[in-house]
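Listed below are the residues making up each chain.
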Amino acid sequence: MGNCFFSQDKNTNVRVSLPAVCFVWEIAMVVLFGIFVRYNEEADAHWGEYKKTHNITTDMENDFYYRYPSFQDVHVMIFVGFGFLMTFLKRYSFGAVGFTFLIAAFGLQWALLMQGWFHSLDYSTGKILIGIENLINADFCCGGVLIAFGALLGKVSPVQMMVVSLFGVTLYAVEEYIILNLLHCRDAGGSMVIHTFGGYYGLAISWILYRPNLNKSKHLNGSVYHSDLFAMIGTLFLWLFWPSFNSAIANHGDGQHRAAINTYISLAASVVTAVAISSMTEKRGRLDMVHIQNATLAGGVAMGASAEFMISPYGSLIVGFFCGIISTFGFKFVSPFLEKHLKLQDTCGIHNLHAVPGMLGGFISAIVAAMASESIFGMSCLMLLCSLFKGLILKLPIWGDPADDNCFDDEVYWEVPEDEESIPPVLEYNNHMAHKHQDR
Amino acid sequence: MGNCFFSQDKNTNVRVSLPAVCFVWEIAMVVLFGIFVRYNEEADAHWGEYKKTHNITTDMENDFYYRYPSFQDVHVMIFVGFGFLMTFLKRYSFGAVGFTFLIAAFGLQWALLMQGWFHSLDYSTGKILIGIENLINADFCCGGVLIAFGALLGKVSPVQMMVVSLFGVTLYAVEEYIILNLLHCRDAGGSMVIHTFGGYYGLAISWILYRPNLNKSKHLNGSVYHSDLFAMIGTLFLWLFWPSFNSAIANHGDGQHRAAINTYISLAASVVTAVAISSMTEKRGRLDMVHIQNATLAGGVAMGASAEFMISPYGSLIVGFFCGIISTFGFKFVSPFLEKHLKLQDTCGIHNLHAVPGMLGGFISAIVAAMASESIFGMSCLMLLCSLFKGLILKLPIWGDPADDNCFDDEVYWEVPEDEESIPPVLEYNNHMAHKHQDR
Amino acid sequence: MGNCFFSQDKNTNVRVSLPAVCFVWEIAMVVLFGIFVRYNEEADAHWGEYKKTHNITTDMENDFYYRYPSFQDVHVMIFVGFGFLMTFLKRYSFGAVGFTFLIAAFGLQWALLMQGWFHSLDYSTGKILIGIENLINADFCCGGVLIAFGALLGKVSPVQMMVVSLFGVTLYAVEEYIILNLLHCRDAGGSMVIHTFGGYYGLAISWILYRPNLNKSKHLNGSVYHSDLFAMIGTLFLWLFWPSFNSAIANHGDGQHRAAINTYISLAASVVTAVAISSMTEKRGRLDMVHIQNATLAGGVAMGASAEFMISPYGSLIVGFFCGIISTFGFKFVSPFLEKHLKLQDTCGIHNLHAVPGMLGGFISAIVAAMASESIFGMSCLMLLCSLFKGLILKLPIWGDPADDNCFDDEVYWEVPEDEESIPPVLEYNNHMAHKHQDR
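- As recorded in an unreviewed UniProt entry, chain A goes by Ammonium transporter AmtB-like domain-containing protein and comes from Anabas testudineus.
- Annotation of chain A in UniProt includes, under Sequence similarities (unreviewed entry), the sentence "Belongs to the ammonium transporter (TC 2.A.49) family. Rh subfamily."
- UniProt, in the comment section headed Subunit (unreviewed entry), describes chain A in these words: "Homotrimer."

What follows is the structure in structure tokens.
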């Protein structure tokens, strides 16, 4: 066991770097929150006066009641959904759910600040005024970072992920401002802002961090029966709450209502077509859990940008129909191709679930709303360059990342129980017998 | 492993049939949605005008805000609740959660259409106008089908389940129309419409599909420690969100409020009495997980029909009290009897959790509301006949269902990981030693 | 296996006592509910009239819509959150989730009565009038009892836990009345009322029930890989829904809004600092699952009392910052000290997650609101005495509790599947070989 920490001369000891990063950044948060962040008028004790001056007759008109149920669903998606979706690896489940927890908990604080400066700054006082919608947007931003984590899963250290998170949230806030405020796109569910961004951000970093000898950890880059079931917890909560994701910051009234319906329908279609392609591409028609865990969600990703639009229920069905197909094909054929020919090691296949369906969603939205897709393209290039630069920084040999032969292994960053108690009685007997033979 | 696909001359290859069914039916959905389905006035962009013409002063009056939180809870119950409840089998957990995903995702689309034609058709335009209440009802309808799946679990192919789903949703929409619109019963939580229907539909099909040699798969028809825990995820989310299930389509205001309270109380009582009977019927007083996973829910099933009624909190307690007892006795004594003497192989024991408590709920509701229970009885017979006929169709040798000796086995329809990595180090050593002996 | 029932002359057969307690108490509930409990004006069919006489124009003003989404989140925290958090033990997961289910389902009924007599009694009719807020408070009360269960986990019988639950709910209702109604403290999220109470109630009982030979069960007092993952389900749902917990019974409007924001922020900070300390205190910087599962929640506990206050976002950050540190240190250093020197066996470490952060929350609230903390101190002593007395009763040899060498073992109170099917093929072969050797 000892040698798993120093193989190939890589030092994975993060005892100094991880606490240092956590403490310094968290103290920075306290200071910055102290200077900048206050409650907005709906969360502040002056709400009573605000109601009077704005002729609001009931507390029900507080935005909290319009958005809190959706917020909670989004919150579950980010931490349980993304976290458990990535537990499919047989010995990296602690890392999946634990690092998700860490980077999203830090990321949402930084996102409240970054997004606040761009969107919720009260220019008269210089304060960021936050309410329930800010919490939702902060969670969305963490979603983008966690998508990137999906490509890097098992190959980076928690310190690297904190850096990816800090930088990713910053980049996210910038691109979000450009897409929503400068280009005036509509993207309530974040097809472009969250999924395309997160997808290419993660892929760019993963490309820079290419590990030629990753097959040394091949025996750990797979699932066991129960880890696949844990991953289904993630899949289902993502799938179920996606209507809340796409409607959470939509307009009150018919906007939220329609966004939820469109997403519900699109997701249903992508389950059916993902199953069809999964069965069709296996020689005995058997289903592949990877497809069921991932491609079934593609309809939700693609509906993000146009969830609020009047694309009508059959329009949503068509979106889900094709995205289920494209995403499953991606997992089956495109990912192996990308790894072999483009040196792109994408642990969770975010290219097929987020990057491509997200772009599709952007195109659909562009067609429906006749948007300026060229300027989006220009911005994408800019983003990609930033991501690649970020990746180069992460190649520095200071981050405590694992060597090629101990990737995907929780033992590196977690104290892992030894599981000897799970040996069934018959084996203990067997074990006893084998030792007896040895003694002879 | 190879022989698990062709035992007893049964061909379980669904590579053609499953994709064909998925694609053809999904394309039919797109066409039918294109012709028939539109947003209703609360989800449509004309909501602004509608508000004005109907003197509605706030977006909060949109039905979305009355029902969306309950809808999300129901949604979780259908996919996580039913899906994980059935993961208790040691090697059929992929099938439990995966096929639930597939048939409910398809079923809800077909339900939107079938229920739409009966309940939400705008006669002036010939369109089905959908809103949040339609999504809830579509989920309810899938609940009925998934109950039937509980009786068939592990013994049918996914293609058969798609057929069961198509036919079941159709039958459901008809019986729902008869019970609610022609007989004018109240059944907000679906004791009769969902649970009794789903229970007898599944039992009838299972009876026709009787497998005399099912004990060949006996070694797989049971749980392991962690599969029982996964099932508890299903149980708890069903139990917790049942108040939302029974109040989701109840009347605004006191109706939804009372339905939630009644269900909460009834469920609490059935946990306590289910535990009591489970302990009482084991020689050392030890609890049986099957009872905890299932009979604890009986109070929710039985409260369905009368959830909205003024039966008062102690009335709800009494309902839960007796249903917990009856359901646990059912699992302990009635199910073995039915299997032995009536050739009824009911994998999940839906007879005890859905059929009987559902009927009880119908009777309670009939007593409270003085309903015409004879006409319900007549209709039940009709339904049973349809279900039996359906079962006969499924006996045709074209569906790719498993042979008697590979039921309850995920290997048939899923690519299953091999789990060799889960061997603890001590055993690998042992293994090594045994081989060394062998070499000598 | 047989000897696990009678080791050390302890009889763990609960076949008579458990059903007897369940039946007698449940019948008492039916009778008491029949005499005392009715719907309040918002859940009663007279709501229509009530609206008219109180000039309420919309059903949306029914408290149900203000609180039901939060109630459901709290409900999930109690049963899934607490239940699964305690599944971390390798062979006591059934007990964790099953006994949580039982004692909370009974406890909430008794809480509706006890809290009703103190808070919701209609003096003109002598009836307890219940609505959604009563359900939330009943769940809160069960939370207190389940915290106590955390200290006793694996060492008591279900009959004892029913007694702990009955007595705990009673004591809870009294201390809640004193703190909220007599001392006029604010404690919307229950830092003192729930967490400090539950913590010291459990610790006092555990101290009385000290087992000097508990190390005989040491091999079962730990986790395996997947049991740690199940526990993370509990952790995450607790963490995610804590904003709902602290805002569920806060004032309508800005009160609920602010409580949710404060809790969200505080929790985020405690994750980051808990990770920092966990990494810092392990020689290779590796994280300990116990800390991630528990200390990350400390920010929510401590924010309970002051969640509604205008402590501003950075105030919440600071609370979370320090609680994450203190709680992790508690798990690392204080718990072993307490066990060694104060004979305090605290299975889940509730001292570090509930007792201490809860007290801190009380102090913060006291500072902010300038409360009379001495009277709280006086009351705490009284409570502790009652808890110790309760513990003495539980020492009587009539409860069917396990002997020191079969604690933490589900086999005592549950029928446990044998798991032989989980042996991978390579081991079966190995097994076969070993026997062959034996035969030679």
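Next comes the rest of the write-up.
1. Things to note about the overall build of chain A
Working step 1: Tallying secondary structure elements over chain A gives 15 helices and three strands in all.
Working step 2: For 440 residues, the compact-globule formula gives about 22 Å, and the C-alpha radius of gyration of chain A, at 23 Å, lands near that figure.
Working step 3: Along the three orthogonal principal directions, the C-alpha set of chain A runs to about 90 × 50 × 45 Å.
Working step 4: Here chain A, with 440 residues, has 69% of them falling under the buried criterion.
Working step 5: When contacts within chain A are restricted to residue pairs at least 6 apart in sequence, long-range pairs at least 24 apart make up 82% of them.
Working step 6: With an accessible surface of roughly 13700 Å², chain A has 63% of that area assigned to carbon and sulfur atoms.
Working step 7: Of the side chains in chain A, 25 bear a positive and 37 a negative charge, and the two mean positions are spaced by 9 Å.

2. Overview of the pairing of strand E3 (residues 127-130) of chain C
Residue and element names in this part refer to chain C.
Working step 1: Side chains Ile128 and Ile130 project from E3 onto a buried face, and the interleaved Lys127 and Leu129 project onto a face without burial.
Working step 2: The pairing of strand E1 (residues 37-39) with E3 spans three bridges and is parallel. Along E3, the bridge assignment pairs Arg38 with Leu129.
Working step 3: Relative to E3, strand E2 (residues 121-122) runs antiparallel, the two sharing two bridges. Pairing of Asp122 across the sheet is with Lys127, part of E3.
Working step 4: Here E2 folds back onto E3, and the loop between the two strands holds four residues, one of which, Gly126, carries a positive phi near 75°.

3. Re the relation of the copies chain B and chain A
Working step 1: Once chain B has been moved 0.0 Å along the axis and rotated by 120°, it coincides with chain A to within an RMSD of 0.0 Å. Between the two chains, the operation in question is that of a three-fold axis.
Working step 2: Both copies present different contact surfaces, since only 16% of the interface residues of chain B are interface residues in chain A too.

4. A closer look at helix H1 (residues 17-36) of chain B
Working step 1: When the terminal C-alpha atoms of H1 of chain B are compared, their 28 Å separation across 20 residues agrees well with the 28 Å that a helix rising 1.5 Å per residue should span.
Working step 2: By the burial criterion, the buried members of H1 of chain B are Leu18, Pro19, Val21, Cys22, Phe23, Trp25, Glu26, Met29, Val30 and Phe33 of chain B.
Working step 3: On its buried face, H1 of chain B sits against helix H9 (254-280) and helix H12 (312-342) of chain A together with strand E1 (37-39), helix H4 (93-119) and helix H6 (158-182) of chain B.

5. Focus on the relation of the copies chain C and chain B
Working step 1: Mapping chain C onto chain B is achieved by rotating through 120° and translating by 0.0 Å along the same axis, at an RMSD of 0.0 Å.
Working step 2: Of the interface residues in chain C, just 15% have counterparts in chain B that sit at the interface too, so the contact is made through distinct surfaces.

6. A word on the interface of chain C and chain B
Working step 1: The interface is formed by 86 residues belonging to chain C together with 79 residues belonging to chain B.
Working step 2: Counting the surface lost from both chain C and chain B, the interface buries some 7200 Å², and carbon and sulfur atoms represent 72% of this.
Working step 3: Looking only at chain C, the three residues that lose the most surface to chain B are Tyr39, Phe101 and Glu415 of chain C, adding up to 11% of its buried area.
Working step 4: The interface formed by chain C and chain B includes zero salt bridges.
Working step 5: Taken together, the connections running from chain C to chain B amount to 26 residue pairs in polar contact (both at pLDDT 80 or more).
Working step 6: Among the elements of the structure, helix H1 (17-36), E1, helix H3 (63-85), helix H4 (93-119), helix H5 (132-152), helix H8 (225-247) and helix H15 (425-439) of chain C are those that each provide at least two residues to the side of chain C that touches chain B.

7. Notes on the interface of chain B and chain A
By a widely used convention, the size of an interface equals the accessible area lost when the partners come together.
Working step 1: Contact with chain B, which involves 86 residues of that partner, is made by 80 residues of chain A.
Working step 2: Roughly 7200 Å² of surface becomes buried between chain B and chain A when both sides are summed, with 72% attributable to carbon and sulfur atoms.
Working step 3: Considering only the surface of chain B that becomes buried against chain A, Tyr39, Phe101 and Glu415 of chain B emerge as the three largest contributors, covering 11% of it.
Working step 4: Joining chain B to chain A, the criterion identifies zero salt bridges.
Working step 5: The set of elements that each furnish at least two residues to the side of chain B that touches chain A consists of H1, E1, helix H3 (63-85), H4, helix H5 (132-152), helix H8 (225-247) and helix H15 (425-439) of chain B.
Working step 6: Taken together, the residues of the side of chain B that touches chain A sort by class into 54 nonpolar, 16 polar and 16 charged.

8. What to know about the packing of aromatic side chains
Working step 1: The full count for this structure, using the stated rule, is 87 aromatic pairs over all chains.
Working step 2: With centroids separated by 5.1 Å and ring planes inclined at 90°, the aromatic side chains of Phe64 of chain B and Tyr65 of chain B adopt a geometry described as edge-to-face. With respect to class, Phe64 of chain B is no different from Tyr65 of chain B; both count as buried.
Working step 3: Among the aromatic residues, ring-to-ring pairing joins Phe64, Tyr65, Tyr68 and Phe71 of chain A together with Tyr66 and Tyr264 of chain C into one connected group.
Working step 4: The ring of Phe167 of chain A carries Lys390 of chain A above its face, with NZ or CZ at 4.8 Å from the centroid.
Working step 5: A cation over an aromatic ring shows up here: Arg91 of chain B above the ring of Tyr225 of chain A, its NZ or CZ 4.2 Å from the ring centre.

9. A closer look at a nonpolar patch on the surface
Working step 1: Side chains of Met280, Phe329, Phe333 and Val334 of chain A sit close together on the surface and give an oily, nonpolar patch of about 310 Å² of accessible area.
Working step 2: Element by element, the count of residues in the nonpolar patch is highest for H12 of chain A, at three residues.

10. Concerning the sheet that holds strand E3 (residues 127-130) of chain A
Working step 1: Pairing in this open sheet of three strands is mixed, and the strands run E1-E3-E2 (chain A) from one edge to the other. Edge strands, defined here as strands with exactly one partner in the open sheet, are strand E1 (37-39) and strand E2 (121-122) of chain A.
Working step 2: Strands E1, E2 and E3 of chain A of the sheet are contacted by helix H4 (residues 93-119) of chain A, whose axis makes an angle of about 105° with E3 of chain A.
Working step 3: On the sheet, helix H12 (residues 312-342) of chain C packs against E1 and E3 of chain A and is oriented at approximately 110° with respect to E1 of chain A.

11. Quick word on the sheet that holds strand E3 (residues 127-130) of chain B
Residues and elements named next belong to chain B.
Working step 1: Read from one edge of the open sheet, three strands run E1-E3-E2, paired in mixed fashion. With one partner strand each, in any of the chains shown, E1 and strand E2 (121-122) form the two edges of the open sheet.
Working step 2: Set on the sheet, H1 makes contact with E1 and E3; between it and E1 the angle comes to about 55°.

Conventions we followed
Residues numbered from 1 in each chain as written. Chains lettered and ligands numbered in written order. Predicted model: local features only at pLDDT ≥ 70, side-chain atom pairs only at ≥ 80, totals over all residues. Heavy atoms only, no water. UniProt positions renumbered as here; feature names shortened; annotations may be inferred. Helix = DSSP H or I, 4+ residues; strand = E, 2+ residues; numbered from the N terminus. Rg over C-alpha atoms; globule rule 2.2 N^0.38 Å. Buried < 20%, exposed > 50% of the residue type's maximum accessible area, 1.4 Å probe, protein only. Contact = heavy atoms within 4.5 Å. Areas by Shrake-Rupley, 256 points an atom, 1.4 Å probe, with all protein chains shown as cover. Lys, Arg positive; Asp, Glu negative; His and termini not counted. Charge placed at Lys NZ, Arg CZ, Asp CG, Glu CD. Pairing = 2+ DSSP bridges. Least-squares fit on C-alpha atoms with pLDDT ≥ 70 in both. Expected span 1.5 Å × (residues − 1). Buried area = accessible area lost by both parts, 1.4 Å probe. Salt bridge = Lys/Arg side-chain N within 4 Å of Asp/Glu carboxyl O. Polar contact = N/O pair within 3.5 Å; in protein donor to acceptor, adjacent residues only side chain to side chain. Nonpolar A, V, L, I, M, F, W, Y, C, P; charged D, E, K, R; others polar. Phe/Tyr/Trp six-rings, centres within 6.5 Å; stacked < 30°, edge-to-face > 60°. Lys NZ or Arg CZ within 6 Å of the ring centre and 35° of its normal. Patch = residues over 30% accessible without salt bridge, like charges linked within 9 Å, V, L, I, M, F, W, Y side chains within 5 Å. Axes fitted to C-alpha atoms, helices over the stretch in contact; angles between N-to-C directions.

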